[in-house]
Structure formats: structure tokens, C-alpha cells
Amino acid sequence: MFNQPPRLRPLVAGFVLILGFGCVSTNLAQSGRRGRKVDPVPVSTPEPEPSPTPDAPAEKPKPRFTFLVGVDRYDAFSNLPNYYYEGVLRSLVARLDDSAVVQVGATQINMSRSDAVQKAKAERDAYVIWLQLELDAMSSNTQNGGTPDVIIEYAVLAPVTAKQVTSGRTYTQAQRNRGGILNPRGSSVYGDRYLNQAAQEAADKILAHFRSNPPAPPPPGRGP
């Protein structure tokens, strides 16, 4: 090692000391940069949208009239095919059921007049519609051997008392004369289309009577 003059020794020592402090400061600065944690950038999370509430089904209005319907098959003199009775019963019930104020409680294809009376007396609220079919013997179509024309007779009996509220008849021949158009619900699957139209006409007449003459409530203390 070379010899330093005595005057340069303090300068060299000071330079070494300054250089040492500089290195230490640099290391501390670097370690500080490495040790500092960087806060994460907050990410906004969208709030979930509420799922749509399904609309509640509209409540069917409470029926104003309840009917039980039966057709008389005991009349041996009519001699009509079975599908005639089925067609009349189905067509009349379907037309009644189209009304929002009507409820059809039950149907019966074999109901005599006495059965209808007994059923009406046993009911508290329901009206019994009794149907009967008969050949229109005066119709030229029946006399000439064509598709027989039929008369539909109906009677409506009040609950509890079995009092007759209204009655009437409709004719298939009258439907032909008017050139009636087949209602889509009156299919020939259940009988002649004009017969089904006559049954629908009977239902319309019954509803018209009840709308024009709202029935009084039944007497108290009777019924099941």
C-alpha cells in the first residue's frame, strides 16, 4: 500500500465517510420502497336488480248463479240416438259455462222430472235445469224420413222449494229456417249441429231470465 501524505489523510477519511453514508441512504430508500404496500383500487360491485314479481292470477268473480243440469232419458217414446242427449247436455252446459257469473255444478244424463224435483229440494243454492227431448212430429223433415227435427224442453227448479222458476222450448227446425251458423263449440261429434244450436239457445233464454229476474235468497233453515 502506498504512503499518503499526512495532509491528505483527513480528506480521504472524510471522502470515505461521505461515500459510506451515501450507500447506506440508498439501501434504506430501496428497502423502504420494497416494503411499502400499495392499497388495491376499490372495484364497485353493481347491486343485483330485484327479480320481477309474477303477476298474481286474476281471481274469477264469485258466481251469482249455480246450476245443476240433467236430461231425461227415460222417455221411451222419443226413440232418439244417445248422442242426441249427450250433444244437448254438453252444448247447453258449455254455453252456461261461458258466462262469468255462472257455475255449473254437475250434469246428469239420466234425470226424470221426479228426480229433478228431489234434487232441487235437497239443494241450498243451486238451481236444477231439467231437459227433455221429443221428436217434432209436425216437422216435414221428420215425416219425410230425413234427419228428425227435435224439440228441447227445459224447466228450471228453485233450490229448497223445487218451484218452477222458468221453462220453455227451442226447435231445431226453427234453426234451419233461420239459416243459423254453427257455433265452433257445437260440433257434430255430439249430435246434429242444429240440435246443438237449439241447446245453446235454451241456455241463452235461461240466462236472460235470471239476469232480468234476479232470484230471491232461499228460505232459511232448509237444505243439507
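Residues numbered from 1 in each chain as written. Predicted model: local features only at pLDDT ≥ 70, side-chain atom pairs only at ≥ 80, totals over all residues. Heavy atoms only, no water.

### Describing the overall build of the chain
- Helix and strand counts for the chain stand at six helices and five strands.
- Per-residue burial over the chain gives 30% buried out of 224 residues.
- A sequence separation of at least 24 residues applies to 65% of the contacts in the chain between residues at least 6 apart.
- Entry remark: accessible area of the chain is about 14900 Å², with carbon and sulfur atoms responsible for 56%. (Helix = DSSP H or I, 4+ residues; strand = E, 2+ residues; numbered from the N terminus. Buried < 20%, exposed > 50% of the residue type's maximum accessible area, 1.4 Å probe, protein only. Contact = heavy atoms within 4.5 Å. Areas by Shrake-Rupley, 256 points an atom, 1.4 Å probe, with all protein chains shown as cover.)

### Considering the pattern of salt bridges
- Taken as a whole and assessed by the stated rule, the structure comprises three salt bridges.
- With its nearest N and O atoms 3.1 Å apart, the salt bridge here joins E153 to R169. Of this pair, E153 sits in strand β4 (residues 150-157) while R169 sits in strand β5 (residues 164-171); the two residues are 16 residues apart in sequence, bridging distant segments of the chain.
- Here R169 falls in the partly exposed class, since its relative accessible area comes to 34%. (Salt bridge = Lys/Arg side-chain N within 4 Å of Asp/Glu carboxyl O.)

### Examining the confidence of the model for the chain
- Chain-level statistics for the chain give a pLDDT mean of 75 and a share of 54% at 70 or above.
- Confidence scores differ between elements of the chain, with helix α4 (residues 140-143) showing the lowest mean pLDDT of 54 and helix α3 (residues 113-122) the highest of 96.
- The low-confidence segment residues 178-191 (pLDDT under 50) makes 26 contacts with residues lying over four places distant or belonging to another chain. (pLDDT = per-residue confidence, 0-100.)

### Brief notes about the pairing of strand β1 (residues 65-72)
- Of all eight residues making up β1, seven are buried, and the element is well covered by its neighbours.
- The pairing of β1 with strand β2 (residues 102-108) spans six bridges and is classified as parallel. Bridging from a neighbouring strand, F65 pairs with V102 of β2. (Pairing = 2+ DSSP bridges.)

### Brief notes about the packing of helix α2 (residues 82-97) against helix α6 (residues 193-212)
- Here α2 crosses α6 at 40°, and the two axes come no closer than 8 Å. Between α2 and α6, the angle is such that the two are oblique. In this structure, α2 meets α6 at a crossing whose hand is right-handed. Residue-level inspection shows Y84, G87, V88, S91, L92, R95 and L96 of α2 in contact with α6, the latter providing L195, N196, A199, Q200, A202, A203, D204 and L207.
- Residue composition of the contact of α2 with α6, grouped by class: nine nonpolar, four polar and two charged. (Axes fitted to C-alpha atoms, helices over the stretch in contact; angles between N-to-C directions. Parallel < 35°, antiparallel > 145°, perpendicular 65-115°, else oblique. Left-handed = near helix turned anticlockwise from the far one by under 90°. Nonpolar A, V, L, I, M, F, W, Y, C, P; charged D, E, K, R; others polar.)

### Brief notes about the sheet that holds β5
- Strand order in the open sheet made by the five strands is β2-β1-β3-β4-β5, with mixed pairing throughout. Edge positions in the sheet fall to β2 and β5, since each of these pairs with one other strand and no more. Going across the sheet, the axis of each strand differs from the next one's by a mean of 20°, ignoring polarity.
- The strands touched by α2 are β1, β2, β3 (127-135) and β4; relative to β1, the strand with the most contacts, the crossing angle is about 170°.

### Looking at the nonpolar core
- Ranked by internal contacts, the top residues of the largest apolar core, which has 31 residues, are F67, V69, L92, L96, I129, L131 and L133.
- Going through the elements one at a time, β1, α2, β2, β3, β4 and α6 are the ones with two or more residues in this core.
- With eight residues, the top contributor of residues to this core is α6.
- In terms of nonpolar packing, the next biggest core, distinct from the first, is built from ten residues, M111, A116, V128 and W130 among them. (Core = buried A, V, L, I, M, F, W, Y, C linked by side-chain atoms within 4.5 Å.)

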